[in-house]
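Structure assessment
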Amino acid sequence: MGVGPSEFTWVSDLVRRESAIVLPPGKEYLVEARLLPLARAAGLAGVDAYIRAAQRPTSLAERRAIVEALTTNETSWFRDATVFASFRRDMLPRLLADRMAHRPLRIWSAAASTGQEAYSLAMLLIEELGPARRFEIIGTDIARGVLERARQGRYTQMEVNRGLPARYLVQYFQRAGTGWQVSPELQRNIQFRELNLAAPFPPGLPAFDVVFLRNVLIYFDTPTKQTTLRRVRQVMAPGGWLVLGTAETARGIDDGFELVRMGDMSAYRPVSGSAFGSASRPPTGQASGRPSVPSARSPSVPSARPSSTPPSGPSLQLSGRI
Ligand SMILES: C[S@@+](CC[C@H](N)C(=O)[O-])C[C@H]1O[C@@H](n2cnc3c(N)ncnc32)[C@H](O)[C@@H]1O
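What counts, and at which threshold
- Residues numbered from 1 in each chain as written.
- Predicted model: local features only at pLDDT ≥ 70, side-chain atom pairs only at ≥ 80, totals over all residues.
- Helix = DSSP H or I, 4+ residues; strand = E, 2+ residues; numbered from the N terminus.
- Buried ≥ 20, exposed ≤ 12 C-beta atoms within 10 Å, placed from the backbone.
- Contact = placed C-beta atoms within 7 Å.
- Near = placed C-beta within 6 Å.
- Nonpolar A, V, L, I, M, F, W, Y, C, P; charged D, E, K, R; others polar.
- Domains from an automatic or database assignment.
- Axes fitted to C-alpha atoms, helices over the stretch in contact; angles between N-to-C directions.
- Parallel < 35°, antiparallel > 145°, perpendicular 65-115°, else oblique.
- Core = buried A, V, L, I, M, F, W, Y, C linked by C-beta atoms within 7 Å.
- Pairing = 2+ DSSP bridges.
- Expected span 1.5 Å × (residues − 1).
- pLDDT = per-residue confidence, 0-100.
- Right-handed = clockwise from strand over helix to strand, strands pointing away.
- Left-handed = near helix turned anticlockwise from the far one by under 90°.

Some details on the overall build of the protein
Counting secondary structure elements, the protein contains eleven helices and ten strands. Here the protein holds 322 residues, and 43% of them are scored as buried. Relative to all contacts within the protein whose residues are 6 or more apart in sequence, the contacts with residues 24 or more apart total 77%.

Focus on the site of the ligand
By nearness alone, 24 residues border the ligand, and Thr71, Thr75, Ala111, Ser113 and Asn215 come closest of all. The residue makeup of the shell around the ligand, split by class, is ten nonpolar, nine polar and five charged. Residue assignment places the shell around the ligand across two domains, with domain 1 (5–69) and domain 2 (81–270) each supplying three or more.

Details of unusual backbone geometry
Of note in the backbone geometry, aspartate 80 takes a positive phi value of approximately 60° without being a glycine. Although it is not a glycine, asparagine 215 sits at a positive phi angle of roughly 60°. For asparagine 215, the position within the fold is in the loop between β7 (208–213) and α11 (222–234). Residue classification places asparagine 215 among the buried positions, given that 20 C-beta atoms sit within 10 Å.

Examining the packing of helix α1 (residues 5–19) against helix α4 (residues 60–69)
For the pair α1 and α4, interaxial distance at closest approach is 10 Å and the crossing angle is 85°. Looking at the two axes, α1 sits roughly perpendicular to α4. Side by side, α1 and α4 meet where Val11, Leu14, Val15, Glu18 and Ser19 of the first sit next to Arg63, Ile66 and Val67 of the second. Residues that form the contact of α1 with α4 fall into these classes: five nonpolar, one polar and two charged.

Thoughts on the nonpolar core
In terms of nonpolar packing, the biggest core is built from 80 residues, with Ala122, Phe208, Val211, Leu213, Leu242 and Val243 touching the most fellow members. When residues of this core are sorted by domain, at least three fall in each of domain 1 (5–69) and domain 2 (81–270). Apart from residues no more than four positions distant in its own chain, leucine 242 is found in contact with Val211, Leu213, Val232, Met236, Phe257, Ala267 and Tyr268.

So, the sheet that holds strand β5 (residues 179–182)
Through backbone hydrogen bonds, the strands of a sheet pair up, either in parallel or in antiparallel fashion. If you trace the three strands from one edge of the open sheet to the other, you get β3-β5-β4, paired in antiparallel fashion. The sheet is open, and its two edges are formed by β3 (154–155) and β4 (173–176), each paired on a single side. Two elements, β3 and β5, share two bridges in a ladder whose sense is antiparallel. Residue pairing in the sheet places tyrosine 155 in a bridge with tryptophan 180 of β5.

A word on helix α6 (residues 116–129)
The end-to-end C-alpha distance of α6 is 20 Å, a good match for the 20 Å that 14 residues give at a rise of 1.5 Å each. Regarding α6, the residues found buried are Gln116, Glu117, Ala118, Tyr119, Ser120, Leu121, Ala122, Met123 and Leu125. Glycine 130 occupies a position one or two residues after α6 and carries a positive phi of about 70°.

Focus: the confidence of the model for the protein
Low pLDDT marks stretches whose predicted atomic positions should not be read closely. Overall, the prediction assigns the protein a mean pLDDT of 87, with 84% of residues at 70 or greater. Segment residues 276–303: pLDDT under 50, and 58 contacts once partners within four positions in sequence are set aside and those in other chains are kept.

Comments concerning α1
Taking 1.5 Å of rise per residue, the 15 residues of α1 would be expected to cover 21 Å, and the 21 Å separating its terminal C-alpha atoms lies within 8% of that figure. Here α1 has its buried residues at Glu7, Phe8, Val11, Leu14, Val15, Arg16, Glu18 and Ser19. Where α1 is buried, its residues touch α2 (28–41), α3 (47–54) and α4. Just beyond α1, the residue with positive phi is alanine 20, at close to 75°.

Digging into the pairing of strand β2 (residues 135–141)
Most of β2 is tucked away, with six of its seven residues classed as buried. In the sheet, strand β1 (residues 105–109) pairs with β2 via five bridges, with the strands oriented parallel. Bridged to leucine 105 within β2 is phenylalanine 135. In the classification by handedness, the crossover that spans β1, the intervening α6 and the parallel β2 is right-handed. Relative to strand β6 (residues 190–194), β2 is paired through five bridges, and the arrangement is parallel. Its bridge partner lying in β6, glycine 139 is registered against phenylalanine 192.

Quick word on the packing of α2 against α4
Where α2 meets α4, the axes come as close as 9 Å, and the angle between the chain directions of the two elements is 145°. The chirality of how α2 crosses α4 is right-handed. The segment α2 lies against α4, with Arg34, Leu35 and Leu38 engaging Ala65, Ile66 and Ala69. A class-by-class count of the residues in the contact of α2 with α4 yields five nonpolar, no polar and one charged.

Right, here's the structure in full:
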């Protein structure tokens, strides 16, 4: 049946405006494949009918569903194993040597999808840090469906088969029906929140020691990559590190980062003077318990970025005010 040209243009404009994901001509097949289940669930004849229904002023839920359906949520445990090996062997000792022991290490999994990256980091950190050093992981994504799954921490056998070492499965998971449930020990150190990387970040983000921003910039155009990297820099703790996907780079996009080879991986750090928000103040956060990412209901927690950031473009308010 296919997607009509004007319907495709409308969808690609919507998705770009709300999430910055670029859907160039030629991606009609993707729109068709991703929206067909939505059309069927709504009892409509086809994708074009669903798109036209979503254009009604009151169809906010349908527009949100379209944007979410066009995110690509591919992920796996310890994805790109050499990155996790280098994180453990090369980056972590450096971080721990630099950081004050009395405050938790803060890590942001900035396009967390269903949570495998954040939980992989948690398993590794529990093993490496022991009980004496605390850590907090924040996982964020624009898509509510994947975030809900990440929060639940329940995975199918097939998902578990993708990169999770058997010893971690034994140690941190319990059987749950035909799938697996992550342990409260892992969940305790992680919070999952909605956040749109392509909109101004919500106030009150803490300063992060490491930001995993992997396999999401590839979906953005260059100006959006630039803005996102600049915003990320502003919420990095002094001496913090940025880790991108293996197919991604900040070089030639944001001069505020310098590339550092670290073991088998490359990481970025803000060149001095370029991290505007966080460099000159102590990090925020609670002394213990759950990660200290504040919510929109706790605006009094100091922000890692200046408050003068301009308002966001998206109209669906997918900006995920944390
Ligand atoms: C391919 S997954 C990457 C998951 C994980 N970081 C990894 O490397 O395995 C990309 C994720 O980015 C999210 N995403 C896309 N656009 C986004 C945006 N504007 N803001 C926040 N997350 C976004 C998608 O919903 C998706 O879950």
